[in-house]
Amino acid sequence: GLSNKATPWQSLICLGESGSGKTFNMTKMRNYLLDGFVPDKDIKKRMKAGLDLLNHFGNASTMYNDDATRFGSYTRLLFEGEPLRIVGARVETFL
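Everything numeric in this text was worked out from a predicted model, so none of it was measured.

Conventions we followed
- Residues numbered from 1 in each chain as written.
- Predicted model: local features only at pLDDT ≥ 70, side-chain atom pairs only at ≥ 80, totals over all residues.
- Heavy atoms only, no water.
- Helix = DSSP H or I, 4+ residues; strand = E, 2+ residues; numbered from the N terminus.
- Axes fitted to C-alpha atoms, helices over the stretch in contact; angles between N-to-C directions.
- Parallel < 35°, antiparallel > 145°, perpendicular 65-115°, else oblique.
- Left-handed = near helix turned anticlockwise from the far one by under 90°.
- Contact = heavy atoms within 4.5 Å.
- Expected span 1.5 Å × (residues − 1).
- Buried < 20%, exposed > 50% of the residue type's maximum accessible area, 1.4 Å probe, protein only.
- Arc of directions from axis to C-beta.
- Phe/Tyr/Trp six-rings, centres within 6.5 Å; stacked < 30°, edge-to-face > 60°.
- Salt bridge = Lys/Arg side-chain N within 4 Å of Asp/Glu carboxyl O.

**Student:** Which parts of the structure should I look at to understand the environment of G81?
**Tutor:** Looking at where G81 falls in the secondary structure, it is placed in the loop between β3 (72–80) and β4 (85–94). Separated by 56 residues in the primary sequence, G81 and N25 have C-alpha atoms spaced 27 Å apart.

Right, dumping it as structure tokens:
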């Protein structure tokens, strides 16, 4: 598992063409981290639902993708404790 002694700042960046699976893959990575580092099932469920809701409001049909995300987002997961656990998330969107 991760500990506070690990490198303090790490990033996951997902780039690609429209319809290449960026949102799908970021959702899989986010859920993997939430499942592994959020012990409280209710908090985990609410975090997933909130992040999913943002995606649903920002999607539209394009000629390449029927459910294209129309914005970029930066999601910061907040970790603390030993062993590490996610205690919150912060989402910033941009066009």
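We are not done yet, so read on.
**Student:** Help me understand the packing of helix α1 (residues 22–37) against helix α2 (residues 41–57) in this model?
**Tutor:** Geometry of a packed helix pair, given as the angle between the helix axes and the separation of the axes. Closest axis-to-axis distance for the α1/α2 pair is 10 Å, and the angle between their directions is 165 degrees. Considering the angle they form, α1 stands roughly antiparallel to α2. In this structure, the crossing between α1 and α2 has a hand that is right-handed. On α2, the residues that touch T23, T27, R30, N31, L34 and D35 of α1 are K44, M47, K48, L51, D52 and N55.

**Student:** How should I be thinking about unusual backbone geometry in this particular structure?
**Tutor:** Both trends apply: most residues other than glycine have a negative phi, and most peptide bonds are in trans. Residue P83 is bonded to the preceding E82 through a cis peptide linkage, with omega at 5 degrees. By the secondary structure assignment, P83 is in the loop between β3 and β4.

**Student:** Teacher, can you tell me more about α1 here?
**Tutor:** Since the α-helix packs 3.6 residues into each turn, any two residues three or four apart lie on the same face. Look at α1: 22 Å from first C-alpha to last across 16 residues, which is about the 22 Å you get at 1.5 Å a residue. Residues of α1 that are buried: R30, N31, L33, L34 and F37. Looking straight down α1, one finds that the buried residues subtend no more than 165 degrees of arc, so they occupy a single side. Of the exposed residues in α1, those oriented more than 90 degrees away from the buried face are F24, K28, Y32 and G36. Summarising the contacts, the buried residues of α1 are in contact with α2, β3 and β4.

**Student:** Hey, could you run me through the packing of aromatic side chains in this one?
**Tutor:** The relative placement of two aromatic rings is captured by the distance of their centres and the angle of their planes. Taken as a whole and judged by the stated rule, the model has 1 aromatic pair. With 5.6 Å between their ring centres and 80 degrees between their planes, F37 and F79 make a pair best called edge-to-face. Placement of the pair is F37 in helix α1 and F79 in strand β3, with a sequence separation of 42 residues. The exposure class assigned to F37 is buried, which follows from its relative accessible area of 14%.

**Student:** What should I look at first to understand the pattern of salt bridges in this one?
**Tutor:** Once the charged atoms of two side chains with opposite charge are near each other, the side chains can pair. Taken as a whole, this structure holds 4 salt bridges when the rule is applied. Note that E80 is salt-bridged to R85, the shortest N-O span being 3.7 Å. A residue is classified by how much of its surface remains accessible, and R85, at 33% relative accessible area, is partly exposed.

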